[in-house]
Amino acid sequence: MTIVVEPDRQGVPATTQPGRDIAAPAVRIAGVSKRFGVGRNAVLALDRVSLDVERGEFLCIVGASGCGKSTLLNLVAGLDAATVGSVAVQGRVALMFQEAALLPWRTAAQNVELALKLRKVPRADRREQALDLLSLVRLQDFADRRPHELSGGMRQRVALARALGQGADVLLMDEPFGALDAITRDVLHDEVERVAFEQHLTTIFVTHNVREAARLGDRIVLLSSRPGRVAATFGVPVERPRRIESPEVSAIAADVTVRLREEVRRHAG
Amino acid sequence: MPADLATAPHDRLDQELSGLDQLELSTVAHRQASLRIWSALWPKLFAVGLVLAVWQFVVWREWKPRFVLPSPADVGSVMWDDLFTAELWRAVGHTMRRALVGFAVSLLIGGAVGIAVTRSRVMRVAVGSMITGLQTMPSIAWFPLAILLFQISEQAILFVVVLGAAPSIANGIISGVDSVPPILRRVGHTLGARGLVLYREVVIPAAMPTVLTGLKQGWAFSWRSLMAGELLVLIPGTTSLGARLQFAREFSDAEGLIASMAVIFVIGVLVDSLVFGQIERRVLTSRGLRTDAH
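Residues numbered from 1 in each chain as written. Chains lettered and ligands numbered in written order. Predicted model: local features only at pLDDT ≥ 70, side-chain atom pairs only at ≥ 80, totals over all residues.

*Asks:* Help me understand the overall build of chain B in this model?
*Replies:* A tally of helices and strands in chain B yields 11 helices and zero strands. Listed by position from the N terminus, the elements making up chain B come as α-α-α-α-α-α-α-α-α-α-α. Over its C-alpha trace chain B gives a radius of gyration of 26 Å, far above what one expects of a compact globule, namely 19 Å for 294 residues. Projected onto the principal axes, the alpha-carbon positions of chain B cover approximately 95 × 50 × 30 Å. Look at the contacts in chain B between residues 6 or more apart in sequence, and 75% of them connect residues 24 or more apart. (Helix = DSSP H or I, 4+ residues; strand = E, 2+ residues; numbered from the N terminus. Rg over C-alpha atoms; globule rule 2.2 N^0.38 Å. Contact = placed C-beta atoms within 7 Å.)

Written out as structure tokens, the structure is:
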């Protein structure tokens, strides 16, 4: 696995960890708070969240409603600014949502091409690169279909190809499979895992499906709700390839669920 | 994370994905082109036939004398003869020129106002509701003022046509831009599109179906205003479809009158279905928004 170390935007000194060719963490969230609104109506969405995500790590974030998961992703994506604290990201960021959010007037390939175009890839190279990316998610045969001619799972794979077309080093996924049926979701778990590792992506995957988190994550971070705080972190020491129905994955999911329920109970009347 | 992960279960995953893809895809067969055209055409022909039948029935019952309400056949033969006169085509040409100029000016003005309103909060508050007000105002109510301002002239007609069509066009643009799904703007933003690029790549294409509806409505309003104008503003020495209606009435030429009305109707329908219908069809089909596709 070769990783190009890029200069840190925020000026945090890069440190080398022994035994791994990795410098600064891919994402460093340091003491981040986010407040929306002012005065009496202000809402504290995130409260002093600190989190490092290693290069190539697959991090899952789980939490109940109102834990600020999406806010956190927006901060990492640079779509919003933290009220307090800093977010440092190494490399390019791409964001995926629950909806594939493909542009309906563009074909699958053209959607990927737009990402390339906005990255200033020369026109002559776009089509070929887009087809390469689509074959990475095994949709090369559907390059000229429009989004409405594709299934929900296929659309999410086009969205994944588009994210890769952004040249992403860090992939942020906001409940990307929440709207898919169970069979498609299982297969896409395998698929996104494969693509993430092949492409050496650092992934932050937000979900409220604890099993999904245990199936995919190297680590699971549990956020508390209102305000969002890091309530607990769980390692997932389960060998890959994993199956979502395996006892090891289920055991970890059960642990996380117990803790998640505790968090939810704290908000009872 | 183990390095062999990427290679081990590849084939299985490959098969599962392609299996799912095949299962999910719709298997709607496309119908033959001739069959498609026929199925779109026959209800229209049937409707026309029904109208002619009712008309003929009323004529047979002799509700009104023949010289006031002629039969479809009489009108048809007058129309057929008219088709070979330069007079009719000169009138059609003049009317169409007015319609095109009027629509083009409406497009410029309505477009500029619509874009200005979507870009600025102040403009929206100031003229947003005024545009809707203008849209509901019957264009014929503008004619007295138009005639005062421009006398009996082409400008008077143009003035009213533009006032009829421009608000619809502006409104189409405004609601088109308003209706762009926020998720698409957001995705454009995450892809790095800002400002004009965001407009070119996301906002304008996403707004297109609604903008088209506004254009279509704008055309309908401009065509109506134009006919009202041609009836009221008779410019000596020029002929037009409206003028033909007016002269036919003055000479109690019922066949000629209804024949001219039919021409006006046919032009309105043709522009609507051939010009706007085709564009709309293309735009909607490409987005999967047509329910009656295939």
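*Asks:* Looking at this model, I keep getting lost on the overall build of chain A. Mind explaining?
*Replies:* On a plain count of helices and strands, chain A comes out with seven helices and nine strands. For 269 residues, the compact-globule formula gives about 18 Å, and the C-alpha radius of gyration of chain A, at 19 Å, lands near that figure. Viewed in the frame of its principal axes, chain A has a C-alpha envelope of about 55 × 45 × 45 Å. Within chain A, buried positions represent 47% of all 269 residues. (Buried ≥ 20, exposed ≤ 12 C-beta atoms within 10 Å, placed from the backbone.)

*Asks:* In this structure, what is going on with the domain arrangement of chain B? I would like to understand it.
*Replies:* Interfaces are often sized by the amount of accessible area the parts lose when they come together. Annotation of chain B at the domain level lists domain 1 (34–63) and domain 2 (69–286). Computed from C-alpha atoms alone, the centre-to-centre distance between domain 1 of chain B and domain 2 of chain B is 27 Å. (Domains from an automatic or database assignment.)

*Asks:* Mind showing me how you'd approach the pairing of strand β6 (residues 170–174) of chain A here?
*Replies:* Regular strands have side chains that alternate between both faces of the sheet. Residue and element names in this part refer to chain A. Counting buried residues in β6 gives five out of five residues, a clear majority hidden from the surface. Across the two faces of β6 the burial is the same, with Val-170, Leu-172 and Asp-174 and Leu-171 and Met-173 all buried. Here strand β5 (residues 93–96) pairs with β6 via four bridges, running parallel. Across the sheet, residue Ala-94 finds its bridge partner in β6, namely Leu-171. Here five bridges tie β6 to strand β7 (residues 202–206), and the two strands are oriented parallel to one another. Among the inter-strand pairings, Met-173 is bridged to a residue of β7, identified as Phe-205. Assessed by its sense of winding, the connection that carries the chain from β6 through helix α5 (residues 182–198) to β7 is right-handed. (Pairing = 2+ DSSP bridges. Right-handed = clockwise from strand over helix to strand, strands pointing away.)

*Asks:* Where do I start with the interface of chain B and chain A in this structure?
*Replies:* Taken together, the contact pairs 29 residues of chain B with 33 residues of chain A. Secondary-structure elements contributing two or more residues to the side of chain B that touches chain A are α1 (10–24), α8 (182–190) and α9 (195–232) of chain B. Of the residues belonging to the side of chain B that touches chain A, the class tally is 17 nonpolar, six polar and six charged. (Nonpolar A, V, L, I, M, F, W, Y, C, P; charged D, E, K, R; others polar.)

*Asks:* Sorry if this is basic, but what is going on with the packing of α9(B) against helix α10 (residues 241–250) of chain B here?
*Replies:* A packed helix pair is summarised by two numbers, namely the angle formed by the two axes and the spacing between the axes. All names here are of chain B. Close contact between α9 and α10 brings their axes to 7 Å; oriented N to C, the two are set at 50°. Here α9 lies oblique to α10, going by the angle between them. The chirality of how α9 crosses α10 is right-handed. Counting all contacts with α9, which are made through Met-227, Gly-229, Glu-230 and Leu-231, the residues of α10 involved are Leu-241, Gly-242, Ala-243, Leu-245 and Gln-246. Here the contact of α9 with α10 is built from residues that sort into five nonpolar, three polar and one charged. (Axes fitted to C-alpha atoms, helices over the stretch in contact; angles between N-to-C directions. Parallel < 35°, antiparallel > 145°, perpendicular 65-115°, else oblique. Left-handed = near helix turned anticlockwise from the far one by under 90°.)

*Asks:* Any chance you could explain the sheet that holds strand β2 (residues 43–53) of chain A here in plain terms?
*Replies:* Residues and elements named next belong to chain A. The strand order β2-β1-β4 describes an open sheet built from three strands, whose pairing is antiparallel. The strands lining the two open edges of the sheet, one partner per strand, are β2 and β4 (84–89). If you compare each strand with its neighbour and ignore which way they point, the axes differ by 20° on average.

*Asks:* Please clarify how the sheet that holds strand β3 (residues 58–63) of chain A should be interpreted in this entry.
*Replies:* Residues and elements named next belong to chain A. Pairing within the open sheet is mixed, and its six strands lie in the order β5-β6-β7-β3-β8-β9. Each edge of the sheet is formed by a strand with only one pairing partner; in this case those strands are β5 and β9 (230–235). Each strand axis lies, on average, 15° off the axis of its neighbour in the sheet, ignoring direction. Judged from the five bridges that link them, strand β8 (residues 219–223) and β9 form a sheet pairing that is antiparallel. Pairing of Ile-220 across the sheet is with Phe-234, part of β9.

*Asks:* Whenever I open this one, the domain arrangement of chain A confuses me. Can you help?
*Replies:* All names here are of chain A. Considered domain by domain, chain A is made up of domain 1 (13–91 + 169–269) and domain 2 (102–167). Computed from C-alpha atoms alone, the centre-to-centre distance between domain 1 and domain 2 is 26 Å. Facing the 11 residues of domain 1 at the interface are nine residues of domain 2. With five residues, the top contributor of residues to the side of domain 1 that touches domain 2 is α5. Across the side of domain 1 that touches domain 2, the residue classes tally to eight nonpolar, two polar and one charged.

*Asks:* Could you clarify how one ought to interpret the nonpolar core in this entry?
*Replies:* A general tendency of soluble globular proteins is for nonpolar side chains to be buried together. Counting residues in hydrophobic clusters, the biggest one holds 121 residues, and the most contacted among them are A:Val76, A:Leu172 and A:Val256. No other element matches helix α7 (residues 154–178) of chain B, which puts 15 residues into this core. Apart from residues lying up to four places away in sequence, A:Val76 is in contact with A:Val27, A:Val87, A:Val89, A:Val93, A:Leu172 and A:Ile204. Formed by 11 residues, the second largest nonpolar core is a distinct cluster that contains B:Ala91, B:Leu241, B:Ile258 and B:Ala259. (Core = buried A, V, L, I, M, F, W, Y, C linked by C-beta atoms within 7 Å.)

*Asks:* I would appreciate a short explanation of helix α7 (residues 247–265) of chain A in the present structure.
*Replies:* Side chains of residues three or four places apart in an α-helix project in the same direction, reflecting 3.6 residues per turn. All names here are of chain A. An ideal rise of 1.5 Å per residue puts 27 Å on 19 residues; α7 measures up with 27 Å between its terminal C-alpha atoms. Every buried residue of α7 is listed here: Val-249, Ile-252, Ala-253, Val-256 and Leu-260. What you see down the axis of α7 is that its buried residues fit within an arc of 100°, all on one side. Those residues of α7 that are exposed and angled more than 90 degrees off the buried face are Pro-247, Ala-251, Ala-254, Val-258, Arg-261 and Arg-265. The inward-facing, buried residues of α7 contact β3, α6 (210–216), β8 and β9. (Expected span 1.5 Å × (residues − 1). Arc of directions from axis to C-beta.)

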